[in-house]
Amino acid sequence: MKAIRRFTVRPVLPEPLRPLGELARNLRWSWHAETRDLFQSVDPERWAASDGDPVRLLGSVPPRRLAELAGDRRFLRRLTAAVDDLHDYVHGDRWYQAQPAGLPAAVAYFSPEFGITAALPQYSGGLGILAGDHLKAASDLGVPLIGVGLLYRHGYFRQTLSRDGWQQEHYPVLDPNELPLALLEESGGSPARVSLALPGGRALHARIWVAQVGRIPLLLLDSDVEENALGERGVTDRLYGGGSEHRLLQEMLLGIGGVRAVRTYCRLTGHPGPEVFHTNEGHAGFLGLERIAELVEDGLDFDSGLEAVRAGTVFTTHTPVPAGIDRFDRELVARHFGPGAELPGIEVERILRLGMETYPGGEPNLFNMAVMGLRLAQRANGVSLLHGHVSREMFSGLWPGFDPDEVPITSVTNGVHAPTWVAPEVLRLGARQVGAQRTEDALSVGGSERWDAVADIPDQDIWELRRDLREQLVTEVRTRLRASWRQRGAGTAEMGWIDGVLDPDVLTIGFARRVPSYKRLTLMLRDRDRLMELLLHPERPVQIVVAGKAHPADDGGKRLIQELVKFADDPRVRHRIVFLPDYGMAMAQKLYPGCDIWLNNPLRPLEACGTSGMKAALNGCLNLSVLDGWWDEWFQPDFGWAIPTADGAGTDVDHRDDIEAAALYDLLEQRIAPRFYERGRGGLPERWIEMVRQTLTLLGPKVLAGRMVREYVERLYTPAAHAHRAMDTGAARELADWKQRVRSAWHGVRVDHVETSAATATAELGTTLTLRVRVRLGDLTPDDVEIQAVSGRVDADDRITDATAAPLKPSGGSPDLEGRWSYEGPLSLDRTGPYGYTVRVLPSHRLLASSAELGLVSTPSEEVVEAAGVLLR
């Protein structure tokens with residue numbers, strides 16, 4: 001019979017064991033090995049059955065066992081030590097507290113998903129795992145961050161396969177009371193609430209759950225409350241589910257409700273209010289509107305409020321393709337704002353203008369969340385060097401007149417949280433080499449360029465470690481494969497072959513990620529005969545472990561999975577290639593360490609960063625990847641192999657895949673497998689081990705989330721905090737008025753005359769010319785602008801390809817009789833070959849973060865260009 005109501009019955013721990021509850025509620029246990037070991041010792045069998053979740057464990061331990069532990073002095077000493085260590089970690093000074101004054105008092109970090117632990121399944125893929133690693137690294141560094149997200153009652157989805165290999169989705173209900181969460185409560189004990197106004201007099205209410213991630217509170221908004229109507233209760237049902245209006249309401253709740261939740265949390269706990277708001281992808285972009293509305297309510301006008309909000313906002317884009325951005329019909333957005341809906345104090349047209357694609361190539365009736373995110377943030381970044389370049393190209397329409405390289409989007413390359421992703425066996429090897437504390441600091445805080453201590457680890461130890469991890473993966477794969485085949489309807493008699501799947505002494509390749517088409521799950525199947533030869537090679541076989549989920553609405557991705565599953569089901573190769581369903585954090589933590597090669601073959605440049613290869617590298621796994629994302633930035637032959645790309649504009653799609661698949665097979669056949677199986681005099685693959693050593697020594701320190709968060713603090717959070725402090729009410733009004741004046745007067749700005757002291761079209765290296773310019777400023781003054789000389793090498797179309805900009809100085813205190821201002825400056829010819837220059841006028845104000853911020857620039861007309869002389873060659 002089915003129950004008509006469900007309760008969560010919490011265990012009552014004996015007094016001496018009460019600290020176990022505190023340890024279970026702080027998610028630091030998910031990356032702290034000693035705390036996990038303590039929980040495992042409570043009841044090893046139940047720990048395994050609870051999938052390593054302390055909350056589930058404590059709910060299942062019999063009272064007799066708890067009473068036994070309450071009298072176990074050795075256990076109680078370990079418990080006291082673990083709790084003392086947690087208190088020291090949470091309250092003691094860390095990296096952030098040792099920095100010079102001026103850092104942000106607090107930073108609010110908004111993301112639609114967070115991958116902290118498998119016990120809190122609120123993530124779908126890389127964006128969520130990155131957000132979780134960001135929080136953990138901020139905790140390790142002592143950064144005063146507040147995370148903000150949504151609590152999805154079904155998470156993303158659980159994946160199984162049908163008998164014929166088709167992905168099937170399952171949505172288990174998650175009860176927050178059974179998760180490592182605490183309800184945020186008002187002082188009287190009632191649940192804290194935030195509410196949004198909806199059209200038609202309705203409201204969307206949400207309560208706030210808090211997940212404690214080390215030092216970091218993560219606020220998760222939950223709309224499944226009795227005050228809501230049925231439709232509103234379902235707003236936070238699934239991650240990336242539902243139609244456009246459902247998604248819009250989720251993003252309004254995340255952004256607008258999230259700011260209100262932060263204000264509530266700070267009021268109730270005394271946590272410092274954030275000076276910086278970090279928008280992780282466009283999903284949370286509405287947070288800027290709520291903050292403007294707060295200022296408008298305090299008497300500031302919209303334009304001034306916009307400047308105040310922009311100053312303290314950081315926007316991170318994670319997508320390299322427009323299709324990856326949420327876009328809504330203009331009318332749908334308009335219906336949810338203004339009188340009778342949300343943010344009634346702001347004109348709907350002003351809200352719409354922030355997100356509309358009002359640039360060449362844009363769709364004028366679509367509201368673009370990333371475009372709004374960029375317009376509401378003074379600082380923006382991509383997540384690898386290459387992705388920063390791609391983002392500047394993709395969003396260049398927002399800054400017309402500027403070359404893509406000058407678009408104000410920088411990059412901070414992602415990193416991964418090593419204590420989460422490094423296998424305990426690898427940690428123990430490091431601790432044996434340099435000590436436990438130094439190992440922990442190296443992996444969490446980082447800061448060094450090299451891990452030279454790796455050089456002292458004997459080859460034998462490295463190779464034995466790698467084999468041990470491979471053997472653990474083989475065991476894990478067989479267990480998961482057996483469960484998968486049982487779900488597909490196979491009987492016990494059909495599964496005997498699984499005992500021979502994979503071999504702990506065979507070169508093992510891992511490929512696991514989401515399954516959109518650009519990641520090319522099935523590129524390895526391009527020439528099936530050749531792949532079979534690699535898998536079944538008599539002396540140098542390879543084996544492949546594959547995992548990944550397609551979005552529930554992506555039938556194309558599901559077909560790719562089915563194609564690979566059917567190949568892996570072939571009795572000839574099924575002991576050498578497997579597909580494991582339900583890819584998630586728990587599987588990943590076994591998969592990364594156990595593989596020798598991590599394969600990544602996206603269409604370049606569509607991988608923004610691709611952090612799975614970083615996690616593998618930290619465990620001594622070598623990367624085999626297309627030069628995309630982070631691998632394009634840090635690839636060296638010491639760390640692995642680069643798959644050549646055939647990404648020319650004229651290359652046929654099928655032909656490109658054929659070329660790149662052939663290159664993949666060649667690398668495996670001719671270079672990778674021979675090196676793995678080649679043995680030196682000691683019976684070890686010395687050249688392979690040296691590559692593992694170099695990966696750990698040189699690549700390890702780069703890929704850390706600690707390095708990433710330190711870069712955010714130094715390059716983005718701290719400048720944003722300083723800008724926020726400078727942008728008081730008076731400064732915000734001043735900047736808004738100045739921008740309005742400059743925009744309305746810019747039509748009167750033009751370059752009237754340009755000349756140099758060069759008499760001929762050739763000059764010698766090292767020559768310095770004098771450049772003289774006359775400009776008309778219309779209703780503006782020299783204080784409103786900067787005149788720049790832009791020079792450098794030129795290509796065949798006379799475009800400057802490596803530009804250097806230098807300001808020119810006024811050469812007179814007043815305009816001439818025709819109203820023109822004179823400027824001049826030196827032009828140094830510091831490069832040989834075809835060389836050119838131009839001049840331009842840009843807006844200039846002390847409160848701008850970038851001279852491109854307004855998207856305004858004035859350059860010489862064709863007539864002025866013709867009169868200015870020729871290129872220097």
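Presented here is an overview of the structure given in this document. (Residues numbered from 1 in each chain as written. Predicted model: local features only at pLDDT ≥ 70, side-chain atom pairs only at ≥ 80, totals over all residues. Heavy atoms only, no water.)

Let's shift gears to the overall build of the chain. If you tally the helices and strands in the chain, you get 29 helices and 29 strands. Dimensions along the principal axes, computed over C-alpha positions, put the chain at roughly 95 × 70 × 50 Å. Every one of the 873 residues in the chain was classed for burial, and the buried ones make up 56%. When contacts within the chain are restricted to residue pairs at least 6 apart in sequence, long-range pairs at least 24 apart make up 73% of them. Surface summary for the chain: the accessible area is close to 35,700 Å², and the carbon and sulfur share equals 49%. Within the chain, the 119 negative side-chain charges are centred at a point lying 5 Å from the centre of the 99 positive side-chain charges. (Helix = DSSP H or I, 4+ residues; strand = E, 2+ residues; numbered from the N terminus. Buried < 20%, exposed > 50% of the residue type's maximum accessible area, 1.4 Å probe, protein only. Contact = heavy atoms within 4.5 Å. Areas by Shrake-Rupley, 256 points an atom, 1.4 Å probe, with all protein chains shown as cover. Lys, Arg positive; Asp, Glu negative; His and termini not counted. Charge placed at Lys NZ, Arg CZ, Asp CG, Glu CD.)

Here we come to the pairing of strand E22 (residues 640-643). By the bridge criterion, four bridges tie strand E21 (residues 622-626) to E22 in an arrangement that is parallel. Its bridge partner being in E22, Asn623 is matched across the sheet by Gly640. Handedness of the crossover joining E21 and E22 through helix H24 (residues 629-634) is recorded here as right-handed. (Pairing = 2+ DSSP bridges. Right-handed = clockwise from strand over helix to strand, strands pointing away.)

To continue, consider a negative patch on the surface. The grouping of Glu34, Asp37, Glu440 and Asp441 at the surface amounts to a negative patch. Residue Glu440 is classed as partly exposed on the basis of its relative accessible area of 32%. (Patch = residues over 30% accessible without salt bridge, like charges linked within 9 Å, V, L, I, M, F, W, Y side chains within 5 Å. Salt bridge = Lys/Arg side-chain N within 4 Å of Asp/Glu carboxyl O.)

As a further point, take the nonpolar core. By size, the foremost hydrophobic cluster in this structure holds 107 residues, and its most contacted members are Leu507, Met524, Ile597, Leu624, Trp641, Ile672 and Trp688. By size, the runner-up hydrophobic cluster in this structure holds 58 residues, among which are Leu219, Leu248, Leu253 and Leu289. (Core = buried A, V, L, I, M, F, W, Y, C linked by side-chain atoms within 4.5 Å.)

We now examine the sheet that holds strand E23 (residues 750-756). Taken in spatial order, the four strands make up an open sheet running E23-E24-E28-E27, and their pairing is antiparallel. Two strands bound the open sheet, and with one partner strand each, they are E23 and strand E27 (809-810).

Enumeration over the complete set of coordinates arrives at 68 salt bridges. Arg799 is the partner of Asp403 in a salt bridge, and the nearest nitrogen-oxygen pair spans 3.3 Å. Of this pair, Asp403 sits in the loop between helix H15 (385-394) and strand E16 (410-411) while Arg799 sits in the loop between strand E25 (785-793) and strand E26 (804-807), and the two are 396 residues apart along the sequence. On the basis of relative accessibility, which here comes to 32%, the residue Asp403 falls in the partly exposed class. The network of salt bridges with shared partners includes Arg750, Asp752, Arg776, Asp816, Glu818 and Arg820.

Burial analysis of strand E4 (residues 145-150) places six of its six residues in the buried class, the great majority of the element. Residues Leu145, Gly147 and Gly149 line one face of E4 and the alternating positions Ile146, Val148 and Leu150 line the opposite face, and both faces are buried. Where strand E1 (residues 107-110) lies against E4, four bridges are found, and the strand directions are parallel. In the sheet register, Tyr109 faces E4, and the bridge partner there is Gly147.

Let us now look at the environment of Val839. Mapped onto the elements of the fold, Val839 is located in strand E29 (residues 835-843). According to the relative accessible area criterion, Val839 is buried, its value standing at 1%. Sequence spacing of Val839 and Arg153 is 686 residues, and the spatial spacing of their C-alpha atoms is 57 Å. In contact with Val839, other than residues within four places in its own chain, are Val751, Val754, Leu771, Val773, Gln788, Ala789, Leu808, Ser858, Thr859 and Pro860.

Position of Asp596 relative to the elements: it lies in the loop between helix H22 (585-594) and strand E20 (597-600). Taking the relative accessible area as the measure of exposure, Asp596 reaches 1% and is therefore buried. In contact with Asp596, not counting residues within four places along its chain, are Arg466, Arg470, Val506, Leu507, Thr508, Cys621, Leu622, Phe676 and Trp688.

With that settled, the discussion passes to helix H13 (residues 348-355). Listing the buried residues of H13 in full gives Arg350, Ile351, Leu352, Leu354 and Gly355. Contact partners of the buried residues in H13: helix H10 (287-297), helix H11 (302-311), helix H12 (330-335), strand E14 (366-368) and helix H14 (369-375).

With that settled, consider the sheet that holds E21. Taken together, the six strands give an open sheet; going across it, the order is E19-E18-E17-E20-E21-E22, and neighbouring strands pair in parallel fashion. The strands lining the two open edges of the sheet, one partner per strand, are strand E19 (577-580) and E22. Averaged over all pairs of adjacent strands, the angle between strand axes in this sheet comes to 20 degrees, irrespective of strand direction. With two bridges joining them, strand E17 (residues 507-512) and E20 adopt parallel strand pairing. Residue Gly510 lies in a different strand from E20, and its bridge partner there is Trp598. In the packing of helix H19 (residues 459-487) onto the sheet, contacts are made with E17, strand E18 (542-547) and E19, and the angle to E19 comes to roughly 60 degrees. Helix H21 (residues 555-568) rests against E18 and E19 of the sheet, and its axis sits at about 135 degrees to E19. (Axes fitted to C-alpha atoms, helices over the stretch in contact; angles between N-to-C directions.)

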